[in-house]
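For reference, the chains in residue letters:
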Amino acid sequence: MQRCFSLARLGEGNVSPNPMVGAVLVHDGQVIGEGWHRKYGEAHAEVHCLESVNAKNKHLIPHATLYCSLEPCFHHGKTPPCVDLVLEHRIPRVVVSNTDPNPLVAGQSLEKLRSAGVEVMEGILEAEGRRLNRAFFTWIVEKRPFIVLKWAQSADGFIGKEDERTAISGPAALRLAHKWRSEADAILVGTKTAVTDNPRLDTRFYEGKNPLRIALDRQGKIPATHHLLDDSIDTRIFGAVRQGRFERTMFMPSDGLVAIPDILNNLKASKQAILLVEGGAQVLQQFLDGNWWDEIRVLESSGRLKDGIAAPRLPVIAEMTESFQLAGDTVRIFERVRSF
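Just so it is clear, the structure is predicted and the values come from calculations on it, not from any experiment.

*Asks:* Even after reading the chapter, I still don't get the environment of Val47, so can you show me in this structure?
*Replies:* With respect to the helices and strands, Val47 occurs in helix α2 (residues 45-51). Relative accessible area serves as the criterion here: at 22%, Val47 is assigned to the partly exposed category. In this structure, the C-alpha to C-alpha distance between Val47 and Pro312, residues 265 residues apart in sequence, is 45 Å. Other than its neighbours up to four places away in sequence, Val47 contacts Cys82 and Leu85.

As C-alpha cells, then:
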C-alpha cells in the first residue's frame, strides 16, 4: 500500500478535482503491474496498472492481488467504471486503503466485488490514505475547495514592510513555494499585495502548471501595467471591470466587500478544488478569522526585519505536522484537526 501512495503522489497537481490514486498488482510476492492516475479526465490508476503488465505475465492476472489506495470507481464519468475492469480481468483479491467518499461510489464498488466472489480487504493504512487525499475528501465531504494559507515571515514575526516589496525567503524556499503553486488549482492575493508586490503568481521557478490567478480589486487599484492584468495566464479579478481586450482574464463585478464563500462557490462551479492563499496579512487573517482554512504553510527566515507588517496569528486549533530546514529557512506545516 505504501507503494500505491508513492505512485499516487506522481499525479499531484494534475488530477484535481479527482483524487490521487495508485495501484499495484502483485502475484506470489512479485509486482507485475503498477499504475497511477496521471491527469484529470484520463485513464485511472487501475487501467494503467493492468496495461503495464508484461505480455508474458498476462496469464497471472486472474491469480494476482490488486492493491489500490482508493476504492475503484463505480460510475460512468469521463472514464468507464474501474470496478468492471477488475471483474473483467477476473482478479480474485482486492486490497484498498480508503472507501471513496463520493456518493456515486461510497462502498458500492467493494460491495459489487464481494457479490461477485472477489475477496476484499479495506482500511489498510486508512489514516495515511485519507491524509494523502485530504483535498479530495474536503472537496467531496465539505463541498468546497481545500484551502492552504501560505506566508513567509522573518524570525521576529514580520511578513514585510508597509508599502514596500520585501524579499524574505531564500532561493530554495522560493522554489518550494512555486512547487506548491503548481499543486494548487487557484492562487489568491488581496489588493494590497497585488499593488505593492506586483506578483506574477506563476511557477517560473518550478516545472509545473500555472494555477488560476485570483486577485481582489474592488476599487480597481491594480495598475494596468501590473503582471496580474497581462492576460498571460487564466485570471479572475473580483472587483472593478477594466476596459480593454482580455481573453484569459475574467472580471467578477462587486459593489461591496468580496465574501470568501462567494469566492469558494465560484471556484467550486469551475471545479477548482485546491486554493492557495498567499496574502496579504489582512486577507490571510480574514480566512483565519472565518475558519476558512485546512492547512497553513509558513516559511520562516533566520533574518530579522525589526518592524513592519506582523505575520498572521496562528489559530489554537492549528496542529504542526511537519517542520524542516531548507537552506537557512525553516518550513512549518500546520493542519486543522479533521472529523473525517
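*Asks:* Would you explain helix α4 (residues 108-115) in this entry?
*Replies:* Within α4 the residues assigned to the buried category are Ser109, Leu110 and Leu113. Projected onto a plane normal to the axis of α4, the buried residues spread over an arc of 100° and lie on a single side. Along its buried surface, α4 packs onto α3 (82-88), β4 (93-98) and β5 (119-121).

*Asks:* I keep staring at the sheet that holds β5 and nothing clicks. Help me out?
*Replies:* Two pairing modes exist for strands in a sheet, parallel and antiparallel, and in both the strands are linked by backbone hydrogen bonds. The strand order across the open sheet built from five strands is β2-β1-β3-β4-β5, with neighbouring strands paired in mixed fashion. Each edge of the open sheet carries a strand with a single partner, namely β2 (30-36) and β5. Sheet twist, expressed as the average angle between the axes of neighbouring strands with direction ignored, equals 15°. Note: strand β1 (residues 22-27) against β2, six bridges, orientation antiparallel. Paired with Ala23 across the two strands is Gly35, which belongs to β2.

*Asks:* Would you take a moment to explain the pattern of salt bridges for this structure?
*Replies:* Side chains that carry opposite charge are capable of pairing whenever their charged atoms lie near each other. Within the structure shown, the criterion is met by 22 salt bridges. In this structure, the salt-bridge partner of Asp230 is Arg213, at a minimum N-O distance of 2.9 Å. With Asp230 in the loop between β9 (212-217) and β10 (235-239) and Arg213 in strand β9, this residue pair connects regions lying 17 residues apart in the sequence. We classify Asp230 as partly exposed; its relative accessible area is 37%. Since its relative accessible area comes to 1%, Arg213 is described here as buried. The shortest N-O distance in the salt bridge between Glu300 and Arg332 comes to 3.3 Å. Here Glu300 is found in strand β13 (residues 295-300), whereas its partner Arg332 is found in strand β16 (residues 329-336), with 32 residues between them in sequence. One continuous salt-bridge network, built from bridges that share partners, spans Arg131, Arg134, Glu295, Arg297 and Glu335.

The rules we used
Every chain is numbered on its own, with residues counted from 1 as its sequence reads. The model is predicted, so local features are restricted to residues of pLDDT at least 70 and side-chain atom pairs to those at 80 or more, both for listing and for counting; the totals for chains, interfaces and linings are taken over all residues. Computation of side-chain values: all heavy atoms of the structure, hydrogens and water removed. A run of DSSP states H or I qualifies as a helix once it reaches four residues; a run of E qualifies as a strand once it reaches two. Both are numbered from the N-terminal end. Working definition: with a 1.4 Å probe on protein chains only, accessible area under 20% of the residue-type maximum means buried, over 50% means exposed, and in between means partly exposed. Note on contacts: a residue pair is in contact if any heavy atoms of the two residues lie within 4.5 Å. Of all possible arcs, the one meant is that of the directions from the helix axis to the C-beta atoms. Only when DSSP finds a minimum of two bridges between them are two strands counted as paired. Note on definitions: angles span 0 to 180 degrees between N-to-C directions of axes, and those axes are lines fitted to C-alpha atoms, for helices only across the stretch in contact. For this analysis, a salt bridge means a side-chain nitrogen from Lys or Arg found within 4 Å of a carboxyl oxygen belonging to Asp or Glu.

Without other data, these values stay purely geometric and don't point to any function.
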